[in-house]
Amino acid sequence: MRKVTTYQLIDGIKRNLYLIIVPTIIFFSLVMGLGMKKLGGTYQASAVLIATAGEGEEISYNKLILNEKLANIYTEIIKSPDLYKRVEKDLKKGGSSISYKEIMNHSDFDVNPQAGLISLTYNDSNKDRANDTLKLTCENFRKMAKDYMNADNLAYLHDVFVDKAPKKKLIIFSVAAGIAGAILGLAIVIIKTLLSDNIAGEDDLRDLDFDVLGTSDEISKIKSKIDHRLQNGVVGITSLGKVESYDFAKALAESLAPTNGVLFIDSKNKADLEGKYLSEENSFKVLRKDTIDYLALPEKASEKIFDTNEFFGEIANRESSYNYILIDQKSLKTADPYLTAKLCDMEIILIDGKTKKISLDKAISDLRDLGIDYCGVVYHK
């Protein structure tokens, strides 16, 4: 695990923002969706039953307030599927097709033994059905309590009341879940950044002790550094990964040309010259365009041409005629940069945020083994 600066961490968060956004949305939606499913609809019917003393009986603690044993019995009755099957049967008489399982899923209750109170709620998308369902639930509950315990002491503290289903708690829980998702995503990003071998940017390159020329949009700065380090010679320009080097190489050639003689070797024919203007193994053609001389190669034949004595002889003969010869090569995944290495005084490597440090280390080591004294790195934007 390498040392990561605050800049690299922030950059990692920016590049992996989706890892924070996606868990946030998933957690929020999951809790909200499950909550809405549990809620059961827009309307909530509620009622409260109270255990009272029988007629003529003295009000006492044992008669008025539910003891723990009785509370447990009431709880088991309310949780029993038999209660809701009775409600389902009664609702079908009125034409409703709702099942007892749906009624159970959308119902909730709370038994308070000390106060002798039983609170019941039912949620539904239909206001009238919410009222009817809870009313039937309460009445069937009272009947079952009387049947099982011979107790007819449950009265309404308040009758069934239907209102809009409260969503405040659901929203709070959903937001909290979203925040938890964001924190999880942030943790994933931090761990990924700490474990990643990818190069985050120009500052990251410097922290990793690479010789940085600049970023791809800092052509003037890179030109000045080349002039200072090399003054004249052959410069190879290549890349790692999927970065395309041609536009950068051409811009650099145009920057050097006003004060220097420049030969630009286009090994990929990115200028799209006609075949008759392309160089071959035994026939090299140089075309003048503005202030730059161009030597273009057929892309598929570049490796074969670079691997000939004729090409080396051509460059050696022309080297004294130019201050700089720039060779725009294919990427370091091909043989081109290694075939031209013994010609080059300097190699410029373009990399981006997907380039791994270990890959860049290996490439520079391989190029230096082939005789290149200086390898400069440019971060491609």
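Right above here is the structure, for reference.
Residues numbered from 1 in each chain as written. Predicted model: local features only at pLDDT ≥ 70, side-chain atom pairs only at ≥ 80, totals over all residues. Heavy atoms only, no water.

A. Layout of the overall build of the chain. If you tally the helices and strands in the chain, you get 15 helices and 12 strands. In the chain, which comprises 381 residues, the share counted as buried stands at 43%. Nonlocal contacts in the chain, meaning residues at least 24 apart in sequence, comprise 76% of its contacts between residues at least 6 apart. Charge centroids of the chain, computed over 51 positive and 55 negative side chains, lie 6 Å from each other. (Helix = DSSP H or I, 4+ residues; strand = E, 2+ residues; numbered from the N terminus. Buried < 20%, exposed > 50% of the residue type's maximum accessible area, 1.4 Å probe, protein only. Contact = heavy atoms within 4.5 Å. Lys, Arg positive; Asp, Glu negative; His and termini not counted. Charge placed at Lys NZ, Arg CZ, Asp CG, Glu CD.)

B. Geometry of the sheet that holds strand β3 (residues 117–124). Across the sheet, 4 strands lie side by side as β2-β3-β1-β4; this open sheet has antiparallel pairing. Because the sheet does not close on itself, it has two edges, and the strands there are β2 (107–112) and β4 (154–164). Recorded for the sheet is a direction-independent mean angle of 15° between the axes of neighbouring strands. Of the strand pairs in this sheet, strand β1 (residues 43–51) and β3 are connected by 8 bridges, and their pairing is antiparallel. Each bridged residue has a counterpart across the sheet, and for Ile50 the counterpart in β3 is Leu117. On the sheet, helix α7 (residues 127–149) packs against β1, β3 and β4 and is oriented at approximately 160° with respect to β4. (Pairing = 2+ DSSP bridges. Axes fitted to C-alpha atoms, helices over the stretch in contact; angles between N-to-C directions.)

C. Spatial organisation of the environment of Leu91. With respect to the helices and strands, Leu91 occurs in helix α5 (residues 81–93). Residue class for Leu91 comes out buried when judged on its relative accessible area of 8%. For the pair Leu91 and Leu17, spaced 74 residues apart in sequence, the C-alpha separation works out to 51 Å. Ignoring anything within four residues of it in the chain, the contact list for Leu91 reads Ser96, Ile98, Ile103, Asp132, Thr133 and Leu136.

D. How the structure looks around empty space enclosed by the protein. Overall, the coordinates contain 1 cavity of 30 Å³ or more when judged by the stated rule. Taken as a whole, the largest cavity holds about 30 Å³ of empty space. Of all elements in the fold, only β2, β3 and α7 reach the threshold of two or more residues within the lining of the largest cavity. Considering each element in turn, the lining of the largest cavity owes the most residues, 3 residues, to β2. Partitioned by chemical class, the residues of the lining of the largest cavity number 5 nonpolar, 3 polar and 1 charged. (1 Å grid on protein atoms, 1.4 Å probe; cavity = no way out; pocket = protein on both sides within 12 Å on 5 of 7 lines; lining within 4 Å. Points joined across faces, edges and corners; volume = space filled by probe spheres on them. Nonpolar A, V, L, I, M, F, W, Y, C, P; charged D, E, K, R; others polar.)

E. Geometry of the pairing of strand β6 (residues 233–239). Buried residues dominate β6, accounting for 7 of its 7 residues. Where β6 meets strand β10 (residues 324–328), 5 bridges bridge the pair, whose relative direction is parallel. Of the residues in β10, the one forming a bridge with Ile237 is Asp328. In this structure, β6 lies alongside strand β11 (residues 346–351), joined through 5 bridges in parallel fashion. The partner of Gly236 across the bridge, within β11, is Glu347.

F. Spatial organisation of the side chain of Asn269. Here Asn269 shows up in the loop between β7 (262–266) and β8 (287–289). Those residues in contact with Asn269 that lie beyond four places of it in its chain are Leu278, Ala296 and Leu297.

G. Main features of the side chain of Asp352. For Asp352, the position within the fold is in the loop between β11 and α15 (357–369). Setting aside its immediate chain neighbours within four residues, Asp352 contacts Ile199, Val243, Tyr379 and His380.

H. Up close: the environment of Ser321. Relative to the helices and strands, Ser321 is located in the loop between α13 (309–318) and β10. We classify Ser321 as exposed; its relative accessible area is 53%. Measuring from C-alpha to C-alpha, the distance between Ser321 and Asp345 comes to 16 Å, with 24 residues separating the pair along the chain.

I. How the structure looks around the nonpolar core. Formed by 34 residues in total, the largest nonpolar core has its most connected members in Leu205, Phe210, Ile265, Phe311, Ile325, Ile351 and Leu360. Residue assignment for this core shows that the elements contributing at least two residues are β7, α12 (302–306), α13, β10, β11, α15 and β12 (374–379). Considering every element that reaches this core, the biggest residue donor is α15, with 4 residues. Here Ile351 is in contact with Ile199, Leu205, Leu240, Val243, Leu360, Val377, Val378, Tyr379 and His380, once residues within four sequence places are set aside. (Core = buried A, V, L, I, M, F, W, Y, C linked by side-chain atoms within 4.5 Å.)

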